[in-house]
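Here is what each chain is made of, one letter per residue.
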Amino acid sequence: MGKLAVYKYAAAMFLTLQVVVSVFTLVGLFGGNVTPVGNTARAMCVYILPILIAANIVLILYWIIRRKWLFLAIPVLTVACCIPYIGTYYQFSLENPQKNTQNGLKIASYNVAMFKRETSGFMAQDILAEMRRQKVDILCMQEYNEISGDQKNSESYKEYFPYQQVGRSDMVIFSRYPITGSKTILFEETNNSAMWADINVNGKEFRVFNVHLETTGINGTLHRASKTMFQQHQEVDKSRLMNAILGNYTLGLMFRSGQAITIANEKRESEKPTILCGDFNDVPYSFVYNTVKGDMVDGFKECGAGWMYTYRGMKNKPVRIDYIFHDESIKGLAYYKTDLTYSDHFPVFMKIALQ
């Protein structure tokens, strides 16, 4: 009788755990549909969705072992609801997008982290060499630095990219096709910005957005904490550190949300086929992702393959925060990243069809 009671208690505990995990998973799955203002906890569930999905998979195995088929339906249905979300990180394909030989227009987006402010100019030139190898037609750079070594990058890039448009000083669009118009979009209360340029490709104009949204603030907080430890030779209060990280992250989330709305409104005014790329500093299915994407197509979901993560600053914790979207009138042919290690981001590439 005692053993039976233990089994029943364990079953009740696992069932309770299952309900809690499934509820939080669904909350996270739809948490990006509401503004984080006044809904911070709900919005934050989006960021732990990979952990919640993994927990559901573990519980699927548990219910299979226990042969509780009725309870098994709960995590199975929960994971099934997450399939579109999983598709923002992984796409099954037997083809390698980098080997796509179809003719098209290739766009690249890369946060170059100011070329790490190196003084030789080698980094900027090697990135240019990579863009040549990839046959990039339009290059959007965030955290761009005009001077590397003893020369201006705009001059050294000019041979391959004859046209360029600078937004704020750290934002630039390079193009092999003529730029016919542009606009810089400044955000209030932060140093981030966005821009767009109209590019004439063989008689057809595209509007290309280059976006850099507010950072999470986590790295800055950790840097200040480590600096305090070094200068004062004392340990930082962990509870204060966690509160500071959470506070800065929440503040950054609010800023990014407002910036995303600004970009979405600007994008709606475009009557030309639109391509939007950049560093969002936010994950798929977040409010920022959903708002900026709107009715556009996520290029990776359309024609990517394998795992897609673009931020390399978190070791062994792949995060996707850099994107290329496009209007439904545009057809994507290939989407991929390369493993350049000159920044804490990877460059993202997409080829679109020219119809």
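The present account deals with the structure reproduced in this document.

**Details of the overall build of the protein chain**
Logical step 1: Helices and strands together make up the secondary structure of the protein chain, namely 11 helices and 16 strands.
Logical step 2: Among the 355 residues that make up the protein chain, the fraction classed as buried is 50%.
Logical step 3: The long-range fraction of contacts in the protein chain, counting pairs at least 24 apart against all pairs at least 6 apart in sequence, stands at 70%.
Logical step 4: For the protein chain, the accessible surface area stands at approximately 18,000 Å², while carbon and sulfur atoms represent 58% of it.

**Brief notes about the nonpolar core**
Most often, soluble globular proteins have nonpolar side chains that are buried together.
Logical step 1: Ranked by size, the top nonpolar core spans 33 residues in total, and within it V211, I263, L276, F280, V292 and F325 carry the most contacts.
Logical step 2: Every element with two or more residues in this core is listed here: α3 (49–66), β9 (193–201), β10 (204–212), α9 (238–268), α10 (287–293) and β14 (322–326).
Logical step 3: Here this core takes four residues from α9, the largest share from any one element.
Logical step 4: What F325 contacts, discounting residues up to four positions off in sequence, is T274, I275, L276, F280, Y289, V292, K293, M296, V297 and D298.
Logical step 5: Ranked by size, the runner-up nonpolar core spans 24 residues in total, among them V208, C303, I324 and Y335.

**Side note on the side chain of K351**
Logical step 1: Locating K351 in the fold gives a position in strand β16 (residues 348–352).
Logical step 2: For K351, which is buried and forms no salt bridge, the nearest opposite charge comes from D137, at a distance of 8.2 Å.
Logical step 3: Excluding residues within four positions of it along the chain, K351 makes contact with N100, T101, Q102, G104, L105, K106, G332, L333 and A334.

**Observations regarding the packing of α3 against helix α4 (residues 69–81)**
Logical step 1: Where α3 contacts α4, the two axes come as close as 9 Å, and the packing angle between them is 160°. On the basis of their axis angle, the class for α3 and α4 is roughly antiparallel. α4 is crossed by α3, and the crossing has left-handed handedness. Mapping the contact onto sequence places N56, I57, I60, W63 and I64 in α3 and W69, F71, L72, P75, V76, T78 and V79 in α4.
Logical step 2: Looking at the contact of α3 with α4 residue by residue, the classes come out as 10 nonpolar, two polar and no charged.

**Quick word on the layout of surface pockets**
Logical step 1: A volume near 260 Å³ is recorded for the second largest pocket.
Logical step 2: Around the second largest pocket, the lining comprises 15 residues; the ones closest to its centre are N100, K106, Q134, K135 and K351.
Logical step 3: Elements with a minimum of two residues in the lining of the second largest pocket: β2 (105–111) and β15 (332–337).
Logical step 4: Looking at side-chain class alone, the lining of the second largest pocket contains four nonpolar, six polar and five charged residues.

How each quantity is defined
- Residues numbered from 1 in each chain as written.
- Predicted model: local features only at pLDDT ≥ 70, side-chain atom pairs only at ≥ 80, totals over all residues.
- Heavy atoms only, no water.
- Helix = DSSP H or I, 4+ residues; strand = E, 2+ residues; numbered from the N terminus.
- Buried < 20%, exposed > 50% of the residue type's maximum accessible area, 1.4 Å probe, protein only.
- Contact = heavy atoms within 4.5 Å.
- Areas by Shrake-Rupley, 256 points an atom, 1.4 Å probe, with all protein chains shown as cover.
- Core = buried A, V, L, I, M, F, W, Y, C linked by side-chain atoms within 4.5 Å.
- Lys, Arg positive; Asp, Glu negative; His and termini not counted.
- Salt bridge = Lys/Arg side-chain N within 4 Å of Asp/Glu carboxyl O.
- Axes fitted to C-alpha atoms, helices over the stretch in contact; angles between N-to-C directions.
- Parallel < 35°, antiparallel > 145°, perpendicular 65-115°, else oblique.
- Left-handed = near helix turned anticlockwise from the far one by under 90°.
- Nonpolar A, V, L, I, M, F, W, Y, C, P; charged D, E, K, R; others polar.
- 1 Å grid on protein atoms, 1.4 Å probe; cavity = no way out; pocket = protein on both sides within 12 Å on 5 of 7 lines; lining within 4 Å.
- Points joined across faces, edges and corners; volume = space filled by probe spheres on them.

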